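# Descriptive analysis of the structure
The primary structure of each chain is shown beneath.
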Amino acid sequence: MKKRIFLSPPDMSGKEQEYIAEAFESNYIAPLGPFVNRFEESICNYTKAPYALALSSATAGLHLALRVLGVGEGDIVLTSSFTFIGSVNAILYERATPLFVDSDKSWNISPTLLRKAIALAPKKPKALIITHLYGQMAKIEEIVTICKEHNIYLIEDAAESLGASFGAKQSGIFGDLGVYSFNGNKILSTSGGGMLVSSNKEWIDKASFLSTQAKEPYLHYEHKEYGYNYRLSNILSAIGVAQMEVLDQRVARKREIFNLYKQELSDIKEISFMPEIQGSRGNRWLTTLTFEKTNPLKIIEALEENNIESRPLWKPMHLQPLFANALQVSDGYSEKLFQKGLCLPSGTAMKNRDIIDICTIIKKNIE
Ligand SMILES: *Cc1c(COP(=O)(O)O)cnc(C)c1O
């Protein structure tokens, strides 16, 4: 059997083991140490975020973001509906109420529906969590304007979009707080990990305090608040430092993979790819597309027969059984994307030959 082609497997740079060995030699086998600082500095240097905090996951980052903003029971948090559950779980951890907002042609959150959601909300929403889906930038300038107008905190879920930019600015630094993910399937991986960024030092300091069990500064461990054990280990941070060194190459390769798919499938008129909004440069974490007529499940099956992984697009949150009674403003756009869409293998180590073979299978199986 041919070696399985995965959607987006980790792609190590080659430096990781050297840095891990260095961490072992120093015996910093702990959730603190020099590589944690270096990993945070590398994120600040790359994204120009003034402050960063390395965490065990992006989900932990979103949770801490809500905690430092004081979001709690009964507060309304607006959020993209067309996203992964990791984006919204933190809202539930804090017993706040999500209000789901549908997408527009950008596939990302619709500014028009966002305004509508704010107007229709039973009370003034406290925060908005937006996702830059599949590494492509949301209409961030309009969203920032709307949040400022209504005095709503903006959190960017940039879990999928590390390295994407709008104008000269990186995804993740437009909002009050932003998070990146280093889970196994993301553009960079530490096997698991996340980063919280902000230009507000107090928030990052507070998040750091909460991420290490909320210990007051006494020798005997004094506690006035409850916290979490959310810090990233020095070992995993060593992997992160090595991964950050190749981020530009990884973005370039992801974009190359997208362009090759687009070129190879250009004859098929019923295919549309996820767009890139004007003025932005996505990281094309996954190449995603929709069919007009063909059932994407048929393509998924055909690829699976060749030991190739592909998947439907995210199922919108407002259609999930978990959120059957949740507040939502939707016009069916993301539902249509979900029915017609497909994520294609986009691992940065994959061969161009594999992409061409995948396109051949797709062409053979369209209706
Ligand atoms: C992966 C992902 C997350 C969660 O990231 P973890 O680091 O695994 O917690 C959150 N939101 C989106 C959009 C994601 O794709």
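Coordinates for the structure precede this section.
Summarised in this report is the structure supplied together with it. (Residues numbered from 1 in each chain as written. Predicted model: local features only at pLDDT ≥ 70, side-chain atom pairs only at ≥ 80, totals over all residues. Heavy atoms only, no water.)

## Observations regarding unusual backbone geometry
The phi angle at Gln213 is positive, at roughly 70°, despite the residue not being glycine. Looking at the element boundaries, Gln213 is found in the loop between helix H7 (201–211) and helix H8 (234–244). In this structure Gln213 comes out as partly exposed when scored by relative accessible area, which is 38%. Of note, Ala214 is a non-glycine position whose phi angle comes to about 50°, a positive value. Inspection of the secondary structure puts Ala214 in the loop between H7 and H8. We classify Ala214 as buried; its relative accessible area is 0%. (Helix = DSSP H or I, 4+ residues; strand = E, 2+ residues; numbered from the N terminus. Buried < 20%, exposed > 50% of the residue type's maximum accessible area, 1.4 Å probe, protein only.)

## Thoughts on the nonpolar core
Core analysis: the biggest nonpolar cluster contains 38 residues, and Phe39, Ile43, Tyr134, Leu162, Tyr180, Phe182 and Met195 have the highest contact counts within it. Elements supplying a minimum of two residues to this core: helix H1 (16–26), helix H2 (34–47), strand S1 (51–55), strand S9 (194–198), H8 and helix H9 (247–264). Both of domain 1 (16–244) and domain 2 (247–364) provide at least three residues apiece to this core. Residues in contact with Phe39, not counting those within four places in the same chain, are Ala54, Phe182, Thr190, Met195, Leu232, Ser237, Gly240, Val241 and Met244. Listed in part, the 34 residues of the second largest apolar core include Val68, Leu69, Ala159 and Phe323. (Core = buried A, V, L, I, M, F, W, Y, C linked by side-chain atoms within 4.5 Å. Domains from an automatic or database assignment. Contact = heavy atoms within 4.5 Å.)

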